[in-house]
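Each chain is listed here by its residues.
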Amino acid sequence: MGVTGEVLVTAGVILGLFVVWQLFYTDVLSSRTQNAALENMDFVEDFHVPPVTVSGGVFSAADPDVPIELIPDELKVYTPDGAPIAAEPPAPESFGRLWVPRWGSDYVKPISQGTDRRITLDELGIGHYQGTAMPGEVGNFAIAGHRTTYGKPFADVDKLAVGDALIVQTEEAWFVYRVTGSEIVLPHQVEVIAAVPNEPGATPTEASITLTSCHPRFSAAKRFIVHGELEYWAPTGHGYPEEVFGTS
Amino acid sequence: MMYPWLWRHLPGPTWARVTIVVLSVALVVLSLFEWVFPWVSEMLPYQDQTVGE
């Protein structure tokens, strides 16, 4: 085997290592960072939810010693008016948690500021587009996440159906959004994250949410977009929204 | 041949050479995982998920 052969074999080994790193190791590292980010957000309601059992649509605490506190209906506000809106933090600070029951009853991930790949998306997972609305704010709360590798927070973005709950928890409030639709666009179509989705320049009257991820998987040819609108918000400190438990 | 050449020029008895080789390989893999691959991956567009100009 000549020097050329040795160089080629070495290159092959490095390429193989790259695949291992990209497909497996980034998941290990990023999951660790994202769990740490969840732990570091000291919100009233813990992200380890009490265990529940569901029978006939009614759910109750699985462990009588760990009761479930649900947000009472009179505290739910079905309009963005009066919602506590946090200021945009400096990147890459984590400022909220995203709960998506459709992606599993244990799905909860941190939301961090900014969409820089290296600083936010590759490490902390879900990133908030700078300058778009914050959770609950009238406008479009736009977030991006990896669909493959790096902890893949938006792995199942294509499985969301109209009406699915997207729950955002911040230090001061819970915001329950409902999916209104999805679309596949080209990477330059920034109108999907406009204050009124797909109507750049229009004045928003609704609090929207938009998720962006890559499409198809392992490709960057297009973007998978999911839109939603705020159904209600409620202050923290009074328990969990029942949607967190995937019951509606 | 570069690998036999490197092996011949490593100092010490066989066990010492093996130790040096194992440590060097570990160091190379570590720097690939920590610095080179994250940088390369950022250069490659296949993971992008944001919309932008």
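Residues numbered from 1 in each chain as written. Chains lettered and ligands numbered in written order. Predicted model: local features only at pLDDT ≥ 70, side-chain atom pairs only at ≥ 80, totals over all residues.

### Observations regarding the overall build of chain A
Phase 1 of the analysis: When helices and strands are counted, chain A shows 2 helices and 10 strands.
Phase 2 of the analysis: Helices (α) and strands (β) of chain A occur, in sequence order from the N terminus, as α-β-β-β-β-α-β-β-β-β-β-β.
Phase 3 of the analysis: Counting only C-alpha atoms, chain A reaches 80 × 50 × 35 Å along its principal axes.
Phase 4 of the analysis: Across the 248 residues of chain A, 39% fall into the buried class. (Helix = DSSP H or I, 4+ residues; strand = E, 2+ residues; numbered from the N terminus. Buried ≥ 20, exposed ≤ 12 C-beta atoms within 10 Å, placed from the backbone.)

### Let's talk about the overall build of chain B
Phase 1 of the analysis: Counting its regular elements, chain B contains 2 helices and 0 strands.
Phase 2 of the analysis: A compact globule built from 53 residues should have a C-alpha radius of gyration of about 10 Å, whereas chain B, at 18 Å, is more than 25% larger.
Phase 3 of the analysis: The principal-axis extents of the C-alpha atoms in chain B amount to approximately 60 × 20 × 10 Å.
Phase 4 of the analysis: Looking at chain B as a whole, 9% of its 53 residues are labelled buried. (Rg over C-alpha atoms; globule rule 2.2 N^0.38 Å.)

### Notes on the packing of helix α1 (residues 3–40) of chain A against helix α2 (residues 14–43) of chain B
Phase 1 of the analysis: α2 of chain B packs onto α1 of chain A with a crossing angle of 75 degrees between their chain directions and a minimal axis gap of 10 Å. With respect to their mutual orientation, α1 of chain A and α2 of chain B come out roughly perpendicular. For the pair formed by α1 of chain A and α2 of chain B, the contact residues are Ile14, Leu17, Phe18, Trp21, Gln22 and Tyr25 of chain A on the first element and Val29, Leu32, Phe33, Phe37 and Ser41 of chain B on the second.
Phase 2 of the analysis: Tallied by class, residues from the contact of α1 of chain A with α2 of chain B come to 9 nonpolar, 2 polar and no charged. (Axes fitted to C-alpha atoms, helices over the stretch in contact; angles between N-to-C directions. Parallel < 35°, antiparallel > 145°, perpendicular 65-115°, else oblique. Contact = placed C-beta atoms within 7 Å. Nonpolar A, V, L, I, M, F, W, Y, C, P; charged D, E, K, R; others polar.)

### So, the interface of chain A and chain B
Phase 1 of the analysis: The interface of chain A with chain B comprises 30 residues on the first partner and 19 residues on the second.
Phase 2 of the analysis: Those elements giving two or more residues to the side of chain A that touches chain B turn out to be α1, α2 (117–121) and β9 (207–215) of chain A.
Phase 3 of the analysis: Of the residues that constitute the side of chain A that touches chain B, the class distribution is 14 nonpolar, 10 polar and 6 charged.

### Thoughts on the pairing of strand β4 (residues 108–113) of chain A
All names here are of chain A.
Phase 1 of the analysis: Burial of β4 is extensive: 6 of the 6 residues sit out of reach of the surface.
Phase 2 of the analysis: Across 5 bridges, strand β3 (residues 94–99) lies against β4 in antiparallel orientation. For Trp99, the partnering residue across the bridge sits in β4 and is Val108.
Phase 3 of the analysis: Summarising the sheet, β4 and strand β5 (residues 126–128) pair through 3 bridges and their orientation is parallel. Note that in β5 the partner of Ser112 across the bridge is Gly127. (Pairing = 2+ DSSP bridges.)

### Focus: the nonpolar core
All names here are of chain A.
Phase 1 of the analysis: Grouped together as the largest cluster of nonpolar side chains are 47 residues, with contacts concentrated most on Ile143, Leu166, Ile167, Trp174, Phe175 and Trp233.
Phase 2 of the analysis: Of all the elements in the fold, those that place two or more residues in this core are β3, β4, β6 (139–144), β7 (165–169), β8 (173–185), β9 and β10 (222–235).
Phase 3 of the analysis: At 7 residues, β10 tops the list of elements feeding residues into this core.
Phase 4 of the analysis: Once you skip the residues sitting within four places of it in the chain, Phe175 turns out to touch Pro135, Gly136, Val168, Leu230 and Trp233. (Core = buried A, V, L, I, M, F, W, Y, C linked by C-beta atoms within 7 Å.)

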